[in-house]
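# Understanding the architecture of this molecule
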Amino acid sequence: MPGSSPLFTPAQLRVPQGLSPMRRRLRRGYWGLVALTLFFGAWLAWINWQRQGEMLRSTLRVETAFLADATSSYFERYESVMSALGNDLLLRPELLDAPDQLVPLLQRYRALLGADQALAINLSRPDGQMFASTVASAEKLPNFRTVPEIWRGIHQATHMKGLEVGKAVYGPMLHRWVIPLRLMIKDEAGQPLFLIAVPVELNDFLDRWRRSVAAAQYATPGMSMALMRADGYLLARWPTPQTPDLQRFYSTRRQGALANAILASPQAQSGLFNGRVDSDSIPRLGAWVRLPQYGVQVTMTVPRALLWRDFWRAYWPALTILALWLGLLTLTYRLVVRQAERESTQLRDRAEIMYRLANQDSLTGLLNRRGMGEYLQRAHDYAQQEGIGYALVLFDLDHFKLINDGFGHAAGDAVLQQVAHLLQTRVRKEDHVARWGGEEFLVLLPDSTLETAHAAAEKLRDIIAHTRMSVGGSELRLSASFGVSAWEPGARLTIAELLGQCDSALYNAKAAGRNRVKQFEGKSAHDYLRGFTLKRAIEDDRIRVAYQPLVSLADGQVVGYEALARLVGEDGEVVPAGQFIDVASRLRLEHRIDSRVSKQVMSRCSTRIEATGAPMKYMINCSADFLSRPEDVQQLLDRAQHYCESCAIDMTGRDKPMVIEITERQLIGDAEAVRRLVQPLIDFGFQLAVDDFGSGYSSYLYVLKLPVSYLKIEAELVCEAAHSPRAQAMVRSINAMAHELGILTIAEGIEDEATAEAMRRIGVDWGQGYYWGRPEVEA
């Protein structure tokens with residue numbers, strides 16, 4: 001409009017020489033936000049890199065540990081079977097000079113190992129001369145002195161106490177590269193007798209293991225696994241080496257970054273690796289675990305590029321968000337931080353839950369066997385390194401079964417929880433407590449002696465005895481029996497031997513009347529290790545019954561069976577009673593064996609009667625340890641009553657098929673005391689047999705004082721009677737005396753027709769021995 005002034009003057013429209021304070025503030029804010037965004041992005045990238053790296057390394061650690069366990073089990077299985085073969089050959093030395101009979105035995109053991117895994121079984125002298133093999137006849141067996149690599153391996157096996165994993169060699173008879181597993185069998189003086197060598201294909205083992213963890217392989221493509229000796233020579237690798245020059249592949253000592261990382265930590269059991277390996281030039285991440293007992297390292301690696309892949313997979317969403325408008329940056333930051341915290345919390349919670357499930361008893365909150373095993377191993381390793389001893393206290397709640405039976409298992413669980421709480425509040429901070437199984441608890445006392453452990457056990461025993469436990473709405477006082485042992489620098493015992501000593505001391509405490517503390521009394525540690533193994537077999541229900549027929553000499557008909565205890569090892573080997581019954585007697589485990597044998601026999605008897613309708617006699621060896629325990633005898637009678645009521649025929653008022661065998665060795669002493677032990681069984685209808693009659697003077701007292709129905713004539717006397725007139729006269733006298741008293745006679749140990757005919761002429765009623773059959777365990 002005319003006469004009006006403009007809204008802006010030129011001076012006002014002119015751009016200033018410098019930025020205005022507002023723009024400067026906006027720019028500073030903008031670049032500040034940009035800088036903050038870049039800093040946040042860099043920080044987030046670093047966090048994500050660390051997390052992905054830790055997750056990948058954790059995965060490698062776990063998978064390598066699983067592979068190490070599988071490899072250790074693989075070697076343990078071979079060592080166990082090869083040791084069993086060695087023991088078999090030591091017991092039958094005549095086979096060593098009879099290749100024709102030896103090869104079938106080797107084939108059977110190879111079948112136990114798996115023919116597709118064990119390529120052969122070879123036997124050689126310490127001087128290298130082979131004398132038996134599953135792949136060649138005796139005329140074609142080489143002398144390993146002519147093969148330097150094999151000969152050096154035999155020399156190494158001579159100095160090994162257990163299995164020796166040899167370097168890869170070209171098998172002269174198999175015409176392929178193999179890994180020899182060697183075990184030198186030595187005599188009692190430690191002198192080598194012969195070598196057992198089993199060539200295997202460990203590449204095939206790794207391939208099978210890889211297929212069992214296909215999920216891990218999918219998550220970590222490019223994974224490589226290898227087994228390497230402690231001296232740097234490679235034993236196996238997956239993927240299988242694709243090279244025509246296997247000689248160079250197996251004979252070259254590894255000197256790459258992985259081998260150097262392992263050699264740089266000779267005391268470490270496991271570790272991580274970052275670098276290049278000999279097999280390729282690709283940068284790799286990996287983990288390794290050492291198996292020192294076999295001189296082998298287990299390794300697993302993945303390409304380092306895998307870490308970048310995982311990083312970008314996890315980071316690209318955050319990177320996309322960071323590219324959005326700066327106004328959304330704050331919200332994005334909070335979301336990312338919150339997400340990261342949530343993931344971290346989930347991982348931490350998951351790890352804590354997994355640890356508790358693996359190492360903590362769910363009922364009491366104490367350590368379980370696995371969790372305590374870790375602390376035991378640490379204490380044992382520290383004691384061996386520093387010479388500072390530690391002690392173990394094993395205790396068991398007395399008569400705990402009465403609480404479960406009388407008040408219910410819920411009340412029993414409540415008692416266990418109260419005892420656990422009591423232990424947690426009364427032991428030292430550095431001590432460790434575990435629920436060892438059932439109502440058993442184990443306390444580890446670091447830096448302690450046998451005397452201090454005994455005092456601590458007495459204190460715990462007194463606390464338990466004077467604490468009122470809430471049981472089913474009532475208050476009861478319990479007691480506990482304690483066994484104590486300690487590791488001392490001079491003894492150098494293993495953990496298993498210490499636990500065996502504790503177990504033995506605990507049994508002694510129970511046998512002495514319970515509610516007391518007993519410490520190990522210094523017997524053979526080897527016996528207690530075997531006793532520990534025996535107890536574990538009993539708890540795992542690996543006691544089986546072998547049945548040997550009893551035959552009527554008059555008509556050759558089977559009239560009954562003798563039940564003999566057998567132990568089935570973890571590897572399936574059947575161990576006869578002669579190899580474990582003495583240890584069971586010393587550790588007072590016979591009653592537990594007798595209980596399991598009698599239960600199986602009565603079940604078999606009932607099943608057979610239902611099938612045939614005709615009862616047969618079953619003879620069971622019952623120890624004094626079993627007969628002197630009223631609760632075990634009553635349990636046997638209750639079980640017998642149950643089976644008699646379920647039989648197809650009425651057993652009321654009749655002699656039962658069960659016959660209890662007693663021996664002079666088991667029950668030497670007052671015959672009246674023996675009668676009081678067996679009277680409840682006799683009243684029920686069980687019959688009585690005297691085993692090994694003729695081996696001692698007390699056998700006649702038993703016949704005089706006890707209602708004996710059967711006399712089992714001692715095997716050595718029976719064998720002598722086959723060709724000795726004097727022995728025949730003695731057997732004839734025993735047989736005549738028994739028949740005059742109305743007692744049936746049984747000849748033991750008959751192994752041939754001549755002995756059976758001699759017993760038949762004398763008039764012995766029944767016979768037993770290898771002539772009719774060896775004891776056999778039912779499938």
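Above this text sits the structure in question.
Residues numbered from 1 in each chain as written. Predicted model: local features only at pLDDT ≥ 70, side-chain atom pairs only at ≥ 80, totals over all residues. Heavy atoms only, no water.

Let's shift gears to the overall build of the protein. Scanning the protein from N- to C-terminus turns up 26 helices and 28 strands. Excluding contacts between residues fewer than 6 apart, the proportion of contacts in the protein whose partners are at least 24 apart in sequence is 63%. Just so you have it, the protein exposes about 39,500 Å², and 54% of that area is on carbon and sulfur atoms. (Helix = DSSP H or I, 4+ residues; strand = E, 2+ residues; numbered from the N terminus. Contact = heavy atoms within 4.5 Å. Areas by Shrake-Rupley, 256 points an atom, 1.4 Å probe, with all protein chains shown as cover.)

So, on to empty space enclosed by the protein. In this structure the tally under the stated criterion is 4 cavities of 30 Å³ or more. The calculated volume of the second largest cavity comes to roughly 170 Å³. Lining the second largest cavity are 18 residues, and of these Asn122, Phe144, Ile150, Pro172 and Pro199 lie nearest its centre. Elements with a contribution of two residues or more to the lining of the second largest cavity: α4 (148-158), β4 (169-171), β5 (176-186) and β6 (192-200). Looking at the lining of the second largest cavity residue by residue, the class counts come to 15 nonpolar, 2 polar and 1 charged. (1 Å grid on protein atoms, 1.4 Å probe; cavity = no way out; pocket = protein on both sides within 12 Å on 5 of 7 lines; lining within 4 Å. Points joined across faces, edges and corners; volume = space filled by probe spheres on them. Nonpolar A, V, L, I, M, F, W, Y, C, P; charged D, E, K, R; others polar.)

For the rest of this paragraph, the subject is the nonpolar core. Grouped together as the largest cluster of nonpolar side chains are 69 residues, with contacts concentrated most on Leu534, Ile593, Val597, Val601, Leu711 and Met759. Discounting chain neighbours no more than four positions away, the residues touching Val601 are Val545, Tyr547, Ala563, Tyr618, Ile620 and Met658. Residues Leu60, Ala132, Met225 and Leu291 belong to the second largest nonpolar core, which totals 68 residues. (Core = buried A, V, L, I, M, F, W, Y, C linked by side-chain atoms within 4.5 Å. Buried < 20%, exposed > 50% of the residue type's maximum accessible area, 1.4 Å probe, protein only.)

When the terminal C-alpha atoms of helix α22 (residues 671-684) are compared, their 20 Å separation across 14 residues agrees well with the 20 Å that a helix rising 1.5 Å per residue should span. Roughly 50° is the biggest bend found in α22, and it falls at Val678, with proline Pro680 one to four residues downstream. Gly685 occupies a position one or two residues after α22 and carries a positive phi of about 125°. (Expected span 1.5 Å × (residues − 1). Bend = angle between axes of the 7 residues up to and from the residue.)

In this section: the packing of aromatic side chains. All chains considered together, the criterion is met by 15 aromatic pairs. Measuring from centroid to centroid gives 5.5 Å for Tyr710 and Trp766, while their planes differ by 35°, and the two rings are tilted. In this pair, Tyr710 is assigned in strand β25 (residues 710-713) and Trp766 in strand β27 (residues 766-767), connecting sequence segments 56 residues apart. On the basis of relative accessibility, which here comes to 5%, the residue Tyr710 falls in the buried class. Classification of Trp766 by relative accessible area gives buried; the value is 11%. One aromatic cluster in this structure is built from Tyr74, Phe75, Tyr78, Phe205 and Tyr294. (Phe/Tyr/Trp six-rings, centres within 6.5 Å; stacked < 30°, edge-to-face > 60°.)

Over its 17 residues, helix α15 (residues 495-511) extends 24 Å from the first C-alpha to the last, a length consistent with the 24 Å expected when each residue adds 1.5 Å. Just downstream of α15, Gly513 is the residue with a positive phi angle, here 125°.

For the rest of this paragraph, the subject is the pattern of salt bridges. Throughout the structure, instances matching the rule amount to 18 salt bridges. A salt bridge links Asp396 to Lys510; the nearest nitrogen and oxygen atoms lie 3.2 Å apart. Of the two residues, Asp396 is situated in strand β12 (residues 390-397) and Lys510 in helix α15; the sequence distance between them amounts to 114 residues. A residue is classified by how much of its surface remains accessible, and Asp396, at 8% relative accessible area, is buried. Close ionic contact of Asp398 with Lys510 constitutes a salt bridge, the shortest N to O distance being 3.4 Å. One end of the pair, Asp398, is in the loop between β12 and α12 (400-407); the other, Lys510, is in helix α15, with 112 residues separating them in the sequence. (Salt bridge = Lys/Arg side-chain N within 4 Å of Asp/Glu carboxyl O.)

Bringing the sheet that holds strand β7 (residues 224-229) into the picture now. Taken together, 5 strands build an open sheet; the order of strands is β8-β7-β11-β10-β9 and the sheet is antiparallel. Each of the sheet's edge strands pairs with one partner strand only, and the pair in question is β8 (234-238) and β9 (270-276). Taking the axes of each pair of neighbouring strands and ignoring which way they run, one obtains an average angle of 20° across the sheet. Here β9 runs beside strand β10 (residues 283-291); their pairing, made up of 7 bridges, is antiparallel. Bridging across to β10, Ser270 finds its partner in Val289. (Pairing = 2+ DSSP bridges. Axes fitted to C-alpha atoms, helices over the stretch in contact; angles between N-to-C directions.)

Relative to the helices and strands, Thr299 is located in strand β11 (residues 296-303). When neighbours within four sequence positions are excluded, Thr299 is seen to be in contact with Leu67, Ser224, Met225, Ala226, Leu258, Ile262, Ala287 and Trp288.

In this structure, Leu423 sits in helix α13 (residues 409-426). Separated by 37 residues in sequence, Leu423 and Leu460 place their C-alpha atoms 7.9 Å apart. Setting aside anything within four residues of it in sequence, one finds Leu423 in contact with Phe395, Val433, Phe441 and Leu460.

This part is about the sheet that holds strand β17 (residues 480-487). Spatially, 5 strands are ordered β13-β14-β12-β17-β18 in an open sheet, and the strand pairing comes out mixed. Looking at which strands have only one partner, the edges of the open sheet turn out to be β13 (432-437) and β18 (517-519). On average, adjacent strands in this sheet sit at an angle of 20° to one another, irrespective of strand direction. Two elements, β17 and β18, share 3 bridges in a ladder whose sense is parallel. Its bridge partner being in β18, Phe482 is matched across the sheet by Val517.

Attention now moves to the pairing of β11. A large share of β11 lies buried, amounting to 8 of its 8 residues. The two faces of β11 match: Val296, Val298, Met300 and Val302 on one face and Gln297, Thr299, Thr301 and Pro303 on the other face are all buried. Relative to β11, β7 runs antiparallel, the two being bridged by 6 bridges. Opposite Met228, over in β11, you have Gln297 as the bridge partner. Pairing of β10 with β11 involves 8 bridges; the strand directions are antiparallel. Pairing of Gly286 across the sheet is with Thr301, part of β11. Hairpin remark: β10 followed by β11, antiparallel, with 4 residues in the connecting loop; positive phi at Gly295, about 65°.

Our focus in this paragraph is the packing of α13 against helix α14 (residues 450-465). Interhelical geometry of α13 versus α14 gives an angle of 135° and a closest axis separation of 11 Å. As judged from the angle between their axes, α13 and α14 are oblique. Classified by chirality, the crossing of α14 by α13 is right-handed. For the pair α13 and α14, contact is made by Leu422, Leu423 and Arg426 and by Leu460, Ile463 and Ile464, respectively. For the contact of α13 with α14, a count of residues per class yields 5 nonpolar, no polar and 1 charged. (Parallel < 35°, antiparallel > 145°, perpendicular 65-115°, else oblique. Left-handed = near helix turned anticlockwise from the far one by under 90°.)

The phi dihedral of Asp447 is positive, around 50°, even though this residue is not glycine. Inspection of the secondary structure assignment puts Asp447 in the loop between β14 (440-446) and α14. Even without being glycine, Arg514 reaches a positive phi, approximately 70°. Owing to a relative accessible area of 24%, Arg514 belongs among the partly exposed residues under this scheme.

Together, Leu33, Leu36, Phe39, Trp43 and Trp46 make up an exposed nonpolar region whose accessible area comes to about 560 Å². Relative to the helices and strands, Phe39 resides in helix α2 (residues 21-91). Overall, Phe39 belongs to the exposed group, its relative accessible area being 59%. (Patch = residues over 30% accessible without salt bridge, like charges linked within 9 Å, V, L, I, M, F, W, Y side chains within 5 Å.)

Bringing the side chain of Glu440 into the picture now. Along the chain, Glu440 falls in strand β14. Not counting the four nearest positions on each side in its chain, Glu440 is found in contact with Leu394, Phe395, Asp396, Ala434, Arg435, Asp503, Leu506 and Lys535.

For the rest of this paragraph, the subject is the environment of Gly560. Residue placement: Gly560 occurs in strand β20 (residues 558-568). Note on Gly560: relative accessible area 0%, which makes it buried. Counting along the chain gives 206 residues from Gly560 to Trp766, while the straight-line C-alpha distance between them is 9.6 Å.

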